Amino acid sequence: MSDQHDTPDFFDSDAADDDALVQEPRLWQGNGWTARVIKNEDDEGWAVAMIKDGEPEPALVGPWTMGRDKKNPKPLDTNAFHTLVKTAKEVLRRHEQQLHAQLHKSLYVGMDGGQVKVTLDIVPDDDHPYALLSAHDDEGNELAKVRAPASFKLSSSSAAAWIEGGYRKPS
């Protein structure tokens, strides 16, 4: 007779993983994400919301396929969940890239002494946002760094004017 029934679940890694996860037709959790199939408020279809663990809002909400009965949603499964996680991660990555691009700008200005790299780094403080405007020479040496208004618009002409003005703090 086998002693298999006496073996604790923690020896079976798949069983331990499954215990920690919810894998239901309309709710699937794993890899730090939750997929929830919800009724689409805009029409009679269904949607899926992808929520990253610890976040209050979904990272992604998109349409979800109807089931064979054309009334209820198609149940979530492993392949669909993995695809949804990949898509939600990509949405977050693009959002982070867009935010980084909005907060950090740089350009090169040709001056008599060579190229000057000018950077603008916006610090989005809730009470007192500001920006740091800096200049570096061809070798990466810092020429100047000043605090600027968060509303400062970095362009070739504004950077050249700042350099030609002796790197004074913009008003």
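Structure first, text after, so check above.
Predicted model, so just to flag it, every value in this text is computed and none were measured. (Residues numbered from 1 in each chain as written. Predicted model: local features only at pLDDT ≥ 70, side-chain atom pairs only at ≥ 80, totals over all residues. Heavy atoms only, no water.)

Caption draft 1: Molecular detail of the environment of Lys70. Mapped onto the elements, Lys70 comes out in the loop between strand E4 (60–64) and helix H2 (78–103). Take Lys70: its relative accessible area is 65%, and that puts it in the exposed class. As for Lys70 and Gly45, which are separated by 25 residues in sequence, their C-alpha atoms are 9.2 Å apart. (Helix = DSSP H or I, 4+ residues; strand = E, 2+ residues; numbered from the N terminus. Buried < 20%, exposed > 50% of the residue type's maximum accessible area, 1.4 Å probe, protein only.)

Caption draft 2: Geometry of the sheet that holds strand E6 (residues 114–123). Read across the sheet, four strands follow the order E5-E6-E7-E8 without closing on themselves; strand pairing throughout is antiparallel. Strands with a single pairing partner mark the edges of an open sheet, and in this sheet they are strand E5 (104–111) and strand E8 (142–149). This sheet shows a mean twist of 20 degrees between the axes of neighbouring strands, independent of strand direction. Of the pairings in the sheet, the one linking E5 to E6 comprises eight bridges and is antiparallel in character. Looking at the pairing, Ser106 lines up with Thr119 of E6. (Pairing = 2+ DSSP bridges. Axes fitted to C-alpha atoms, helices over the stretch in contact; angles between N-to-C directions.)

Caption draft 3: Quick peek at helix H3 (residues 156–164). Within H3, burial applies to Ser158, Ala159, Ala160, Trp162 and Ile163. At the C-terminal side of H3, Gly166 shows a positive phi close to 80 degrees.

Caption draft 4: Layout of the side chain of Thr119. You can see Thr119 is positioned in strand E6. Assessed through its relative accessible area of 12%, Thr119 is described here as buried. Within polar-contact distance, the side chain of Thr119 engages the side chain of Ser134 at 2.5 Å. Residues in contact with Thr119, not counting those within four places in the same chain, are Lys105, Ser106, Leu132, Leu133, Ser134 and Leu154. (Polar contact = N/O pair within 3.5 Å; in protein donor to acceptor, adjacent residues only side chain to side chain. Contact = heavy atoms within 4.5 Å.)

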